[in-house]
There are 2 protein chains.
Amino acid sequence: MNETIDLLMKHRSIRKYSSREVTEEQLQRIVQAAQMASSSSSVQAYSVIAVTDPEQKQTLSVLAGNQAYIAECPVFLVWCADLYRLKQAGEQHLDGAESYIDSTENFIIATVDASLAAQNAAVAAESMGLGIVYIGGVRNQIAEFSEVLQLPELVYPVFGMCLGYPDQQPDVRPRLPLEGVLHRGTYNASSVQEQVANYDNTYTAYMQARSGGGKPAAGWSQFMAKRLAEPVRLHMKDFLQHRGMMRR
Amino acid sequence: MNETIDLLMKHRSIRKYSSREVTEEQLQRIVQAAQMASSSSSVQAYSVIAVTDPEQKQTLSVLAGNQAYIAECPVFLVWCADLYRLKQAGEQHLDGAESYIDSTENFIIATVDASLAAQNAAVAAESMGLGIVYIGGVRNQIAEFSEVLQLPELVYPVFGMCLGYPDQQPDVRPRLPLEGVLHRGTYNASSVQEQVANYDNTYTAYMQARSGGGKPAAGWSQFMAKRLAEPVRLHMKDFLQHRGMMRR
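Analysis parameters
- Numbers given to residues run from 1 along each chain, matching the order in which its sequence is written.
- Each chain is given a letter, starting from A, and each ligand a number, starting from 1, according to the order in which they appear as written.
- Thresholds applied to this predicted model are a pLDDT of at least 70 for local features of residues and 80 or more for the giving and counting of side-chain atom pairs; totals over whole chains, interfaces and linings are not thresholded and use all residues.
- Here the side-chain values reflect all heavy atoms present in the structure, with hydrogen atoms and water set aside.
- Strands here mean DSSP runs of E at least two residues long; helices mean DSSP runs of H or I at least four residues long; both are numbered from the N terminus.
- Partly exposed describes any residue whose relative accessible area lies between the buried limit of under 20% and the exposed limit of over 50%, with all areas from a 1.4 Å probe on protein chains only and scaled to the type maximum.
- In this analysis, two residues are considered to be in contact whenever any of their non-hydrogen atoms come within 4.5 Å of each other.
- Working definition of accessibility: Shrake-Rupley area with a 1.4 Å probe, residue cover restricted to the visible protein chains.
- Neither His nor the chain ends is counted toward charge; the positive residues are Lys and Arg and the negative residues Asp and Glu.
- Think of each charge as sitting on NZ of Lys, CZ of Arg, CG of Asp or CD of Glu.
- Inter-axis angles, ranging from 0 to 180 degrees, are taken between N-to-C directions of lines fitted to C-alpha atoms, where helices are fitted over the stretch in contact.
- Roughly parallel means an angle under 35 degrees; roughly antiparallel, over 145; roughly perpendicular, 65 to 115; everything else is oblique.
- Residue type decides the class: Asp, Glu, Lys and Arg count as charged, Ala, Val, Leu, Ile, Met, Phe, Trp, Tyr, Cys and Pro as nonpolar, and the leftover types, Gly among them, as polar.
- Accessible area that two parts lose when put together, with a 1.4 Å probe and added across both, is what the buried area reports.
- Counted as salt bridges are all cases of a side-chain nitrogen of Lys or Arg within 4 Å of a carboxyl oxygen of Asp or Glu.
- Here a polar contact is recorded for every N or O atom pair within 3.5 Å, except that within protein the pair must consist of a potential hydrogen donor and a potential acceptor, and residues adjacent in sequence are included only if both atoms are side-chain atoms.
- UniProt positions are given in the numbering used here, feature names are shortened, and annotations may be inferred rather than shown by experiment.
- Strand pairing is assigned whenever DSSP detects at least two bridges linking the two strands.
- Where each domain begins and ends is defined by an automated method or by a domain database.
- The pairing test for Phe, Tyr and Trp rings, Trp by its six-membered ring, is centres within 6.5 Å, and the orientation test on the planes gives stacked under 30 degrees, edge-to-face over 60, and tilted for anything in between.
- Each ring is checked for a lysine NZ or an arginine CZ that lies within 6 Å of its centre and within 35 degrees of its normal; such an atom marks a charge sitting over the ring.
- The atoms used to superpose the copies are C-alpha atoms, taken from residues with pLDDT of at least 70 in both, and the fit is least squares.
- Residues belong to one nonpolar core when they are buried, are Ala, Val, Leu, Ile, Met, Phe, Trp, Tyr or Cys, and are joined through side-chain atoms within 4.5 Å.

A few words now on the overall build of chain A. Assigned secondary structure in chain A consists of eleven helices and five strands. Projected onto the principal axes, the alpha-carbon positions of chain A cover approximately 65 × 50 × 40 Å. With 248 residues in all, chain A has 60% of them scored as buried. Intrachain contacts of chain A at a sequence separation of at least 6 include 80% that bridge at least 24 residues. If you sum the accessible surface of chain A, you get close to 9400 Å²; carbon and sulfur atoms cover 46% of it. Here chain A contributes 22 positive and 26 negative side-chain charges, whose respective centroids are spaced 6 Å apart.

Let us look at the packing of helix α10 (residues 220-228) of chain A against helix α5 (residues 84-91) of chain B. Contact geometry of α10 of chain A with α5 of chain B gives a least axis separation of 7 Å together with a crossing angle of 100°. Classified by the angle their axes make, α10 of chain A and α5 of chain B are roughly perpendicular. Within the contact between the two elements, α10 of chain A uses W220, S221, M224, A225 and L228 of chain A and α5 of chain B uses L86, K87, A89 and G90 of chain B. Looking at the contact of α10 of chain A with α5 of chain B residue by residue, the class counts come to six nonpolar, two polar and one charged.

As a further point, take the interface of chain B and chain A. Often the size quoted for an interface is simply the accessible area lost on bringing the parts together. Tallying the contact residues gives 116 residues for chain B and 116 residues for chain A. Carbon and sulfur atoms make up 63% of the area that chain B and chain A hide from each other, which totals about 10200 Å². By the criterion of area lost to chain A, the three top residues of chain B are M36, Y187 and L228 of chain B, representing 8% of everything that side buries. Across the chain B-chain A interface, the total number found is six salt bridges. One can count 55 residue pairs in polar contact (both at pLDDT 80 or more) joining chain B with chain A.

Here we come to the pattern of salt bridges. Residue and element names in this part refer to chain B. For the structure shown, the criterion picks out 20 salt bridges over all chains. Note that R85 is salt-bridged to D82, the shortest N-O span being 3.8 Å. Its relative accessible area of 1% is what places D82 among the buried residues. The partner of D102 in a salt bridge is R248, with the nearest N and O atoms 2.9 Å apart. With D102 in the loop between α5 and α6 (104-127) and R248 in the segment after α11 (236-242), the pair connects residues that are 146 residues apart, well separated along the chain.

Another aspect to go through is the UniProt feature "domain: Nitroreductase" (unreviewed entry) in chain A. Here the UniProt-annotated "domain: Nitroreductase" (unreviewed entry) positions come out as residues 9-165 of chain A. Measuring from the first to the last C-alpha atom of residues 9-165 of chain A gives 19 Å, for a span that is 43% helix and 18% strand.

Moving on: the sheet that holds strand β1 (residues 46-51) of chain A. Strand order in this open sheet of five strands is β3(A)-β4(A)-β2(A)-β1(A)-β5(B), and the pairing throughout is mixed. What marks the edges here is a single partner per strand, and that holds for β3 (131-135) of chain A together with β5 (182-184) of chain B. Across the sheet, the mean angle from the axis of one strand to that of its neighbour is 25°, orientation sign disregarded. Pairing between β1 of chain A and β5 of chain B: three bridges, direction parallel. The residue bridging I49 of chain A from the neighbouring strand is H183 of chain B, located in β5 of chain B. Packed onto the sheet, helix α2 (residues 24-35) of chain A meets β1, β2 (75-82) and β4 (155-164) of chain A together with β5 of chain B and runs at close to 145° relative to β5 of chain B.

Okay, the sheet that holds strand β3 (residues 131-135) of chain B next. Pairing within the open sheet is mixed, and its five strands lie in the order β5(A)-β1(B)-β2(B)-β4(B)-β3(B). Both outer strands of the open sheet, β5 (182-184) of chain A together with β3 of chain B, are each paired with one neighbouring strand and no more. Across this sheet, the average inter-strand angle for adjacent strands is 25°, counted without regard to direction. For strand β2 (residues 75-82) of chain B and strand β4 (residues 155-164) of chain B, the ladder comprises eight bridges, and the chain directions are antiparallel. From the neighbouring strand, V75 of chain B faces β4 of chain B, where its bridge partner is L163 of chain B.

Here we come to the domain arrangement of chain A. Under the domain assignment, chain A is made up of domain 1 (3-171) and domain 2 (178-226). Each of domain 1 of chain A and domain 2 of chain A was reduced to a C-alpha centroid, and the two centroids are 29 Å apart.

On to the pairing of β3 of chain B. Residue and element names in this part refer to chain B. Of all five residues in β3, five are buried; the element is thus mostly enclosed. Here β3 runs beside β4; their pairing, made up of five bridges, is antiparallel. Bridging from a neighbouring strand, Y134 pairs with M161 of β4.

All names here are of chain A. Tallied over the full model, the rule gives twelve aromatic pairs over all chains. Aromatic ring contacts, followed pair by pair, group Y199, Y203, W220 and F223 into a single cluster. R20 extends its terminal NZ or CZ atom over the ring of Y165, reaching a point 3.8 Å from the ring centre.

Attention now moves to the relation of the copies chain B and chain A. After a rotation of 180° and a shift along the axis of 0.0 Å, chain B superposes on chain A with an RMSD of 0.0 Å. Such values leave the two copies arranged in the relation of a two-fold axis. Taken together, the interface assignments show that 100% of the residues at the interface of chain B recur at the interface of chain A, consistent with an identical surface on both copies.

Residue and element names in this part refer to chain A. Checked against the element boundaries, E126 lands in helix α6 (residues 104-127). With no salt bridge to any partner, buried E126 finds its closest opposite charge in R12, at an N-O distance of 6.0 Å. In terms of polar contacts, E126 uses its side chain to reach the side chain of H11, at 2.6 Å. For E126, the residues in contact, after removing those within four places along its chain, are L7, H11, R12 and I132.

Looking now at the nonpolar core. The biggest cluster of nonpolar side chains holds 184 residues, and the ones touching the most others in it are F76, W79 and Y156 of chain A together with F76, W79 and Y156 of chain B. Look past the residues within four positions of F76 of chain B in its chain and what remains in contact with it is I49, A50, V51, K57, L60, I70, I135, V138, F145, G160, M161 and C162 of chain B.

This part takes up unusual backbone geometry. Backbone geometry at S42 of chain A places phi at a positive 60°, although glycine is not the residue there. Tracing the chain through its elements places S42 of chain A in the loop between α2 and β1. By relative accessible area, which is 11% here, S42 of chain A ends up buried. You will see that R233 of chain B, though not glycine, has its phi angle at about 50°, which is positive. Within the fold, R233 of chain B resides in the loop between α10 (220-228) and α11.

Pasting the structure below:
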């Protein structure tokens, strides 16, 4: 189709990196590309913290669920939803008028802004031959993690992103069938079970091939059931409200 | 640098479209590229509704704040955070065990998944010469908007996206200074005011040039103050909880 679409279609997460450095120029290019993503009314309610110090990466790696590749990658980026800058910028003109910075709406805007910027960064990095993996584990011990990064109120780490030259060639993981995520005109609830069943077959075959064709693998929906039944990161609501977000 | 980064750096939102069609093949390519974005543990907790019917686009355009380009663009995409499919997939294996689908954590995952997928779609579309604009106005009258699209519980429209061939060439809007969003090691709170002041100057000059150089323009921080003081979409929290999300 074209070079960019070919690149997008080849994406897979990289969890093993070579020792080759990411240059300062590359880092700047990647974040500049991130900045060009759309932002709701130009609020640009996100920040990114670049961590390169080995000791700090090691600390963050442990806090994010002992994922070794966080310590091993040359640059670890932490993408934050950031309403603190917005507050600092706006309040000087508010003359004490009420501010709605703590609304769920603003929380969504900041989370989306961080995500759009990060995805541009991911695409930019991959276009240079670098690999990335998103790290949701930054939310495991989010209070401690935020403290290491000295995040002020109204800022939270949405996810991390390892950055570096790949030292592995994982397969591209199959996605849901196209018509499972693409609806026409209205949400097609009646086809969900069928799409999931089709995907379960694809997923089972993929997982089985990946494990060398041996033991039978579970389907996608079985993994999802396991996820649903786990009380994962139930601290998020309290944490966010404590930090001044999502209060109304 | 390379073709993909050049493309990312050229992004600007398009609000005027030519009458040239977007083909079914293009739409499928765009959504396939979207599907290749990362997703937390492969949950793929998003859906996208493609709206092409002129009458339906007109209805949605009015509900999203009377933005005419929603009616005028050939394809209007509505990107939804979707925990409904996850629930449908998982519950068949749960045997009545408690599910944490309603956690703030899962709400964040679904919102991020929708955003990463959408940004890949935006990049793919622009690589084909199409233009896009994100539409936050889908959250203005979110209950009515959701009804038109027949969204089930656990699904909400995060934003819309107009898609079509550009019939305008807007300028690229200046972003915050790089060091305003990129922090090193820890969050640099002490530099925020300085970065905002620098950006205010850039923004004022840009806005003044855009209006033909006439009247003096406000800085970015003044626009932000106006935004903060407006009680925008305060219905979001109630709406989301009513639809089964973010309850704990």
